[in-house]
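# Breakdown of the fold
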Amino acid sequence: MQGRMEGKKALITGAARGIGEAIARLFHREGAIVIISDILENQGRLVADDLGEGAYFCSLNVKNEGEWKILSEKITLDFGGLDVLVNNAGITGFMETTGLHNVEDVDFASWQEVIDVNLNGTMLGCKYGIRWIKRKGGGSIINISSRSGIVGIPGVAAYAASKAAIRNHTKPVALYRAENRYQIRCNSIHPAAVLTPMWDSVLGEGKERDTAILSIEKGIPLGKFGRPQDVAYAALFLALDESPYITGTELHVDGGILAGAEARPERH
Ligand code: NAD
């Protein structure tokens with residue numbers, strides 16, 4: 001049976017693990033040629049090798065425009081352009097500081113790193129993605145934002161600011177396409193509570209991790225953490241020609257977290 005992405009070429013940033021890896025695997029399963037990019041070279045190559053034919057690894061640090069330029073030559077010469085770009089690479093900044101990023105104590109260097117990777121990396125992706133997708137006559141750019149791009153979350157100020165800016169940068173990219181009559185759509189996905197290595201530093205290990213997971217799951221309307229594949233299916237939909245009239249929009253993949261608040265009082 002023909003895959004739903006047969007003949008399409010897709011680049012996914014930060015695809016050596018977690019959500020990016022799940023997107024690369026799903027796109028490949030649906031017949032796309034996938035370019036897995038990441039700063040984690042060994043891990044990224046392992047994913048590409050595991051997928052085999054039609055999967056390639058390219059080292060790319062998204063915050064560095066020089067690396068996008070080098071990749072640009074490769075995408076143009078070896079692949080003739082792109083159909084789909086997923087700007088997925090992201091960091092929380094939790095690891096760079098001893099605590100979380102509260103607004104009073106935030107460390108400036110760490111703040112800047114989060115903005116560089118998340119926001120500037122996505123901006124550069126959109127800049128080069130438009131050029132690559134134009135060559136193929138049209139396609140889709142998907143920016144991975146977050147629930148934190150919609151609401152403020154105490155203690156993760158830099159992450160939330162960067163994700164809100166990604167949400168808003170998606171819209172001028174979508175409108176730019178309309179102005180120029182490029183057949184390029186651009187949408188953002190807003191995941192929350194998806195169990196990936198990103199959570200490791202927050203959850204801890206062993207029993208502590210189990211307890212932390214249970215406690216977080218109590219606050220999720222669907223009662224459980226999401227899986228990386230749950231975000232991958234949303235990206236697949238936005239990547240396909242099946243969503244041709246959807247651009248500049250926000251798709252929440254959050255187990256219902258942003259749908260509202262629990263209003264019932266606890267009964268004893
Ligand atoms: P993860 O940490 O498992 O994966 C992130 C990947 O990005 C890693 O492979 C990492 O090496 C790569 N990366 C980091 N810095 C990079 C850089 N400078 N250049 C290129 N690659 C880089 O995290 P994840 O949960 O899979 O997150 C993927 C995306 O989803 C991120 O943008 C994250 O903010 C977003 N997100 C995740 C959740 C969640 O609950 N997991 C929630 C909301 C949003």
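Residues numbered from 1 in each chain as written. Predicted model: local features only at pLDDT ≥ 70, side-chain atom pairs only at ≥ 80, totals over all residues. Heavy atoms only, no water.

An unreviewed UniProt entry annotates the protein chain as Oxidoreductase originating from Lunatimonas lonarensis. The Sequence similarities (unreviewed entry) field of the UniProt record for the protein chain holds the comment "Belongs to the short-chain dehydrogenases/reductases (SDR) family." (UniProt positions renumbered as here; feature names shortened; annotations may be inferred.)

Take the pairing of strand β3 (residues 55-59) next. Pairing of strand β2 (residues 33-38) with β3 involves five bridges; the strand directions are parallel. Following the sheet pairing, V34 is matched in β3 by A55. Note that the unit made of β2, helix α2 (residues 41-51) and β3 has a crossover that is right-handed. (Pairing = 2+ DSSP bridges. Helix = DSSP H or I, 4+ residues; strand = E, 2+ residues; numbered from the N terminus. Right-handed = clockwise from strand over helix to strand, strands pointing away.)

Moving on, we get to the sheet that holds strand β1 (residues 9-13). The parallel open sheet is built from seven strands, whose spatial order is β3-β2-β1-β4-β5-β6-β7. At either end of the open sheet lies a strand with only one pairing partner, and these are β3 and β7 (250-253). Averaged over all adjacent pairs, the angle separating strand axes in this sheet is 20 degrees, with direction ignored. Two elements, strand β6 (residues 184-191) and β7, share four bridges in a ladder whose sense is parallel. When the bridges of β7 are listed, I189 appears paired with L251. Relative to β1, helix α1 (residues 18-29) is tilted by about 170 degrees, and along the sheet it contacts β1, β2, β3, β4 (84-87), β5 (139-144) and β6. Each of β5, β6 and β7 is contacted by helix α5 (residues 157-180), which is oriented at about 160 degrees to β6, the strand it contacts most. (Axes fitted to C-alpha atoms, helices over the stretch in contact; angles between N-to-C directions. Contact = heavy atoms within 4.5 Å.)

This next bit is on the packing of aromatic side chains. One pass over the structure, following the stated rule, counts six aromatic pairs. Relative to F79, the ring of Y56 has its centre 5.3 Å away and its plane inclined at 80 degrees; by these criteria the two rings are edge-to-face. Here F79 lies in helix α3 (residues 65-79) and Y56 lies in strand β3, a separation of 23 residues in the sequence. For F79, a relative accessible area of 8% corresponds to the buried category. The rings of W68, Y128 and W132 are connected pair by pair, giving a single aromatic cluster. (Phe/Tyr/Trp six-rings, centres within 6.5 Å; stacked < 30°, edge-to-face > 60°. Buried < 20%, exposed > 50% of the residue type's maximum accessible area, 1.4 Å probe, protein only.)

Turning our eyes to something else, we now look at the site of the ligand. Around the ligand sit 28 residues, and of these R17, D38, N88, Y159 and T196 come closest. Between the ligand and V62, the relevant distance is 3.0 Å, taken from a nitrogen atom to a main-chain nitrogen or oxygen of the residue. Protein coverage of the free-state accessible area of the ligand, which is 820 Å², stands at 96%. Looking at the shell around the ligand, its residues break down into 17 nonpolar, eight polar and three charged. (Near = heavy atom within 4 Å. Polar contact = N/O pair within 3.5 Å; in protein donor to acceptor, adjacent residues only side chain to side chain. Areas by Shrake-Rupley, 256 points an atom, 1.4 Å probe, with all protein chains shown as cover. Nonpolar A, V, L, I, M, F, W, Y, C, P; charged D, E, K, R; others polar.)

So, about α5. Here α5 is 24 residues long and its end C-alpha atoms lie 35 Å apart, about the 34 Å a rise of 1.5 Å per residue gives. Those residues of α5 that are buried lie in contact with α4 (108-135), β5 and β6. (Expected span 1.5 Å × (residues − 1).)

The next thing to look at is the side chain of N143. Along the chain, N143 falls in strand β5. On the basis of relative accessibility, which here comes to 0%, the residue N143 falls in the buried class. Within the structure, the side chain of N143 is placed 2.8 Å from the side chain of N87, a separation counted as a polar contact. Leave out the neighbours within four places in its chain, and N143 touches N87, T122, C126, I166, T170, C186, N187, S188 and I189.

Along the polypeptide, A165 turns up in helix α5. Under the relative-accessibility criterion, A165 is labelled partly exposed at 25%. C-alpha separation for the pair A165 and D78, spaced 87 residues apart in sequence, amounts to 32 Å.

To continue, consider the pairing of β1. Remember that side chains alternate between the two faces of the sheet whenever the strand is regular. With five of five residues buried, β1 is to be regarded as a mostly interior element. Looking at chain direction, β1 and β2 are connected through five bridges and run parallel. Across the sheet, residue L11 finds its bridge partner in β2, namely I35. Viewed along the sheet, the connection from β1 through α1 into β2 turns out right-handed. Taken together, the three bridges between β1 and β4 define a ladder with parallel strand orientation. Residue pairing in the sheet places I12 in a bridge with V86 of β4.

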